Amino acid sequence: MSKSTIVENLKQAIGEFKAHTKAEKVGVVQEVFDGVAKVSGLSDIKASEMVTFAHGETGVALNLEEDSVGVVILGDFSKIKEGDEVRATGKILEVPVGKGTIGRVVNALGAAIDGKGALKGDAMYPVERVASGVITRQSVDQPVQTGIKAIDALIPIGRGQRELIIGDRQTGKTAIAIDTILNQKGQNLICVYVSIGQKDSKLRKLETRLREGGAMDYTVIVSAGASESAALSYIAPYTGVAIAEYFMDQGQDVLIIYDDLSKHAVAYREISLLLRRPPGREAYPGDVFYLHSRLLERACRRNKEAGGGSITALPIIETQAGDISAYIPTNVISITDGQIFLETDLFYKGIRPAVNVGFSVSRVGSSAQIKAMKKVAGTLKLDLAQFRELEAFSQFGSDLDESTKKTLDRGRRAVEMLKQPQYSPVVVENQVVALYALTRGYMDDVPVEKIKEFETGLIDYASVNAKNFMSEVKEKGMWSEGEEGNIKKAIADFKVTFLK
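Residues numbered from 1 in each chain as written. Predicted model: local features only at pLDDT ≥ 70, side-chain atom pairs only at ≥ 80, totals over all residues. Heavy atoms only, no water.

A.B. asks: Any chance you could explain the overall build of the protein chain here in plain terms?
C.D. replies: When its secondary structure is counted, the protein chain shows 16 helices and 16 strands. On the principal axes, the C-alpha backbone points of the protein chain span a range of 115 × 55 × 40 Å. Counting the 500 residues in the protein chain, one finds 53% classified as buried. In the protein chain, 74% of the contacts between residues at least 6 apart in sequence involve partners at least 24 apart. Of the accessible surface of the protein chain, which amounts to about 23100 Å², a share of 52% is contributed by carbon and sulfur atoms. Distance between charge centroids for the protein chain: 4 Å, based on 63 positive and 65 negative side chains. (Helix = DSSP H or I, 4+ residues; strand = E, 2+ residues; numbered from the N terminus. Buried < 20%, exposed > 50% of the residue type's maximum accessible area, 1.4 Å probe, protein only. Contact = heavy atoms within 4.5 Å. Areas by Shrake-Rupley, 256 points an atom, 1.4 Å probe, with all protein chains shown as cover. Lys, Arg positive; Asp, Glu negative; His and termini not counted. Charge placed at Lys NZ, Arg CZ, Asp CG, Glu CD.)

A.B. asks: Would you mind showing me how to read unusual backbone geometry here?
C.D. replies: Most peptide bonds take the trans configuration, and most residues that are not glycine carry a negative phi. Note that the residue after aspartate 259, namely aspartate 260, is joined by a cis bond; omega there is -5°. With respect to the helices, strands and loops of the structure, aspartate 260 is situated in the loop between strand E13 (253-259) and helix H6 (261-274). In the segment running from arginine 352 into proline 353, the intervening peptide bond is cis, with an omega of 0°. Inspection of the secondary structure puts proline 353 in the loop between helix H9 (344-348) and strand E16 (361-362). One non-glycine residue, tyrosine 423, lies in the positive phi region at around 60°. With respect to the helices and strands, the residue tyrosine 423 is situated in the loop between helix H12 (402-418) and helix H13 (428-439).

A.B. asks: What is the right way to look at the environment of leucine 206 in this model?
C.D. replies: Mapped onto the secondary structure, leucine 206 falls in helix H4 (residues 200-212). You can call leucine 206 buried: its relative accessible area is 8%. With residues up to four places along the chain from it excluded, the contact list for leucine 206 reads Thr174, Ile178, Tyr193 and Ile221.

A.B. asks: So what exactly am I meant to see when it comes to helix H16 (residues 481-498) here?
C.D. replies: Since the α-helix packs 3.6 residues into each turn, any two residues three or four apart lie on the same face. End to end, H16 covers 26 Å across 18 residues, agreeing with the expected 26 Å (1.5 Å per residue, within 8%). Turning to H16, its buried residues are Glu483, Glu484, Ile487, Ala490, Ile491, Phe494, Lys495 and Phe498. Each buried residue of H16 lies within a common arc of 130° when the element is viewed along its axis, so the set occupies one face. For H16, the exposed residues lying more than 90 degrees away from the buried face are Glu481, Gly482, Lys489 and Val496. Against H13, helix H14 (451-465) and helix H15 (467-476) lie the buried residues of H16. (Expected span 1.5 Å × (residues − 1). Arc of directions from axis to C-beta.)

By themselves these figures say nothing about function.
Rendered as structure tokens:
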């Protein structure tokens, strides 16, 4: 090849050359400690934007100060050192969502941790998202059947509601959440369980229990374990609700459980103190209320124009010595639409679930119950409240009038019937039969110690001899006049054979 040809080729190559330039926001680590890095040089970064460190670790920008950025490191911070480069990604923290998450256990960043291979997401959703507006919402009037008689009858939960489960440790808070998930089989409700700061052994037991009950076919577990950093505990609930929002956007109903938000608040307090944010009451930062309000407001029921899906939230809060007036409990009580209060004294008396009917409330009320349940459980809460008052009063005197004795006897039978072992949810038609017999006085002459036996026998008998009554309750939510006569006859006939 001649010299002139080579020159021509070089000129052509130079003429066609296009430089591909890419602007990158690069900062430098000034300081790193306890999972938090102070970074300079990232002046244009956004709040909650993802950053990457030199060794591949990721972080989230939380503190945007005048001359530096406070970054929370997600993962192992031991490799990061002073002087390392930090690159802004331009992306707000997002996680993979979609049908592929069902039946899986994922970490706070949406990556699978169950050893079943990588997760295939249908889309990426930001973990922080503005809650649905008032115009797109609809009132709550469809029930979420928990299968727990004390809750379905007295403190009903509706689709789109936020009902707090609150109580001391070891009073059965998680048990209520698990029973509710197990009872959703065939109810067309997807469940998301968010485990925050729990031991890995507890999570494995829980997952095994759900698999055995066939509940993992419609459940996603999001886990931020006790051994992981506070940053992952802080993000986990937002990841869970992002996964739930994907299904709500498809017009489906979702139940999400946050277990528990006390540990979530503690993780956020740890991060905030490390970021040098000014502490407030109980050393929590000033925006700890907003931490939970922006999370729980994302639970709602949308109207048909907005897709018609819903997210029902069951946050869990742990109290110390039953003190529901502490900072975090009062915050979450004021955000939610009611609370189920579990009491240690009732738990140790053998009344399980240990629901304190006086302190528990559902602000949605009977609009979240089927008509049949409304009819049989209408006066039950009042009866139990009167029973608790009279029970305390009756300890001081033995001479009681007939109406007081009747209230006490009915109350004792009601308490006995509402007892329920763990992992044994009761379908709604069986609840209606048992409560009908109780509130209409059919159990008044059954000995208290035989109430459970009577209830079990009655449900078996009614499922054969009052089949139509039970199917009407199940399908239409109410019985017809003709079928009421059949259930009365079935209860009376069963009672004759039982009391022989």
